[in-house]
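# Residue-level structure breakdown
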Amino acid sequence: MIKTAGFRFKTIVIDPGHGGKDPGAHGDFSLEKNVALSIGKKLKKELQTELPDIKVIMTRTGDHFIELNQRSEIANKNHANLFVSIHCNSSPEDSALPRQNGAMVLVYGYHRKGEQLEAIRENASIYKEKNYRQKYTDYGSDASTNMIIWNAYMQKYRKQSILFGDLLLHEFKKTDHRHIIGLKEQGVLVLAHSAMPSVLVETGFINNPIEEKYLNSAKGQQEIVQSIIRALKRYIEKRA
């Protein structure tokens, strides 16, 4: 756990995308599921070295298929402070189109807030308290008041997700000198039920030959890992 004024960062969940029967996108010689897992494992190892007080949990550590809702459920059950899903992007396979390149971060689209609101409700802190029904006898009697509370949580998590995403993209651009597509809000299912700040990191385009080599190289994966760690450190500082 890292404690700053008024904020304790205890747990991060790393989610290597796809796995098992779901290979994800592919390049000329590699699959997204394998690249994501390799980066995820290296990220966990480096986090345990550089930030040993933080608990690091992975949704998968091998070539296994994990359902999308199970991934966020792992984060919810462990009361994670941040959920980071690692993926590779892929552009349309049309030889007439230029190959895309660059990193991108996705956060959950506000237009589908109902799913995340439900996750926040299910993960509400009062439910962890002993005898909460007696202590909060009026809780739940005013649906409109409860909705205001849930919306406030959701807005906070959205803002924190964007903060981390922006910090990460800054590291990719400033330190690694990579092209940045930017941060986008989309209805990404793996983020739908996460009751905490959460991002999906598109580390690069696996069907771009140049980026595929980068994503599979020791140098490229190390740069991605270190950028995530630097962004996390800055994120924790800014949350203080």
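So, here's what we can say about the structure. Everything quoted here is computed from the prediction, not taken from an experiment.

Definitions and limits used
- Residues numbered from 1 in each chain as written.
- Predicted model: local features only at pLDDT ≥ 70, side-chain atom pairs only at ≥ 80, totals over all residues.
- Heavy atoms only, no water.
- Axes fitted to C-alpha atoms, helices over the stretch in contact; angles between N-to-C directions.
- Helix = DSSP H or I, 4+ residues; strand = E, 2+ residues; numbered from the N terminus.
- Parallel < 35°, antiparallel > 145°, perpendicular 65-115°, else oblique.
- Left-handed = near helix turned anticlockwise from the far one by under 90°.
- Contact = heavy atoms within 4.5 Å.
- Nonpolar A, V, L, I, M, F, W, Y, C, P; charged D, E, K, R; others polar.
- Buried < 20%, exposed > 50% of the residue type's maximum accessible area, 1.4 Å probe, protein only.
- Pairing = 2+ DSSP bridges.
- Right-handed = clockwise from strand over helix to strand, strands pointing away.
- Polar contact = N/O pair within 3.5 Å; in protein donor to acceptor, adjacent residues only side chain to side chain.

## Quick look at the packing of helix 1 (residues 32-50) against helix 8 (residues 218-239)
The relative placement of two packed helices is expressed as an angle between their axes plus a distance between the axes. Where helix 1 meets helix 8, the axes come as close as 9 Å, and the angle between the chain directions of the two elements is 50°. It follows from the interaxial angle that helix 1 and helix 8 lie oblique. Of the two possible hands of crossing, helix 1 and helix 8 adopt the one that is right-handed. On the side of helix 1, the interface is formed by Val35, Ser38, Ile39, Lys42, Leu43, Glu46, Leu47 and Glu50, while helix 8 contributes Ala218, Gln221, Gln222, Ile224, Val225, Gln226, Ile228, Ile229, Leu232 and Lys233. Of the residues that constitute the contact of helix 1 with helix 8, the class distribution is ten nonpolar, four polar and four charged.

## Quick word on the side chain of Thr11
Looking at where Thr11 falls in the secondary structure, it is placed in strand 3 (residues 11-16). Look at Thr11 and you get buried, because its relative accessible area is 5%.

## Examining the pairing of strand 4 (residues 55-58)
Pairing of strand 3 with strand 4, which is carried by four bridges, proceeds in the parallel orientation. Each residue of the ladder has a partner; that of Thr11, found in strand 4, is Lys55. Between the parallel pair strand 3 and strand 4, the chain is carried across by helix 1, and the sense of this crossover is right-handed.

## Let's talk about the environment of Gly204
Mapping Gly204 onto the fold places it in strand 8 (residues 198-205). Classification of Gly204 by relative accessible area gives buried; the value is 0%. Excluding residues that lie within four positions of it along the chain, Gly204 makes contacts with Cys88, Asn89, Gly102, Arg178, Glu211 and Leu215.

## Section: the side chain of Asn81
Structurally, Asn81 is set in the loop between helix 2 (68-77) and strand 5 (82-89). A polar contact of 3.5 Å, which involves the side chain of Asn81, links it to the backbone oxygen of Arg8. Excluding residues that lie within four positions of it along the chain, Asn81 makes contacts with Arg8, Phe9, Lys10, Thr11, Met196, Pro197 and Tyr235.

## Comments concerning unusual backbone geometry
For residues that are not glycine, phi is negative in most cases, and the peptide bond is trans in most cases. At His18, a position not held by glycine, the phi torsion is positive, near 65°. You can see His18 is positioned in the loop between strand 3 and helix 1. Notably, His177 is not glycine yet its phi reads approximately 55°, a positive angle. Of note, His177 is situated in the loop between helix 5 (143-174) and strand 7 (180-186).

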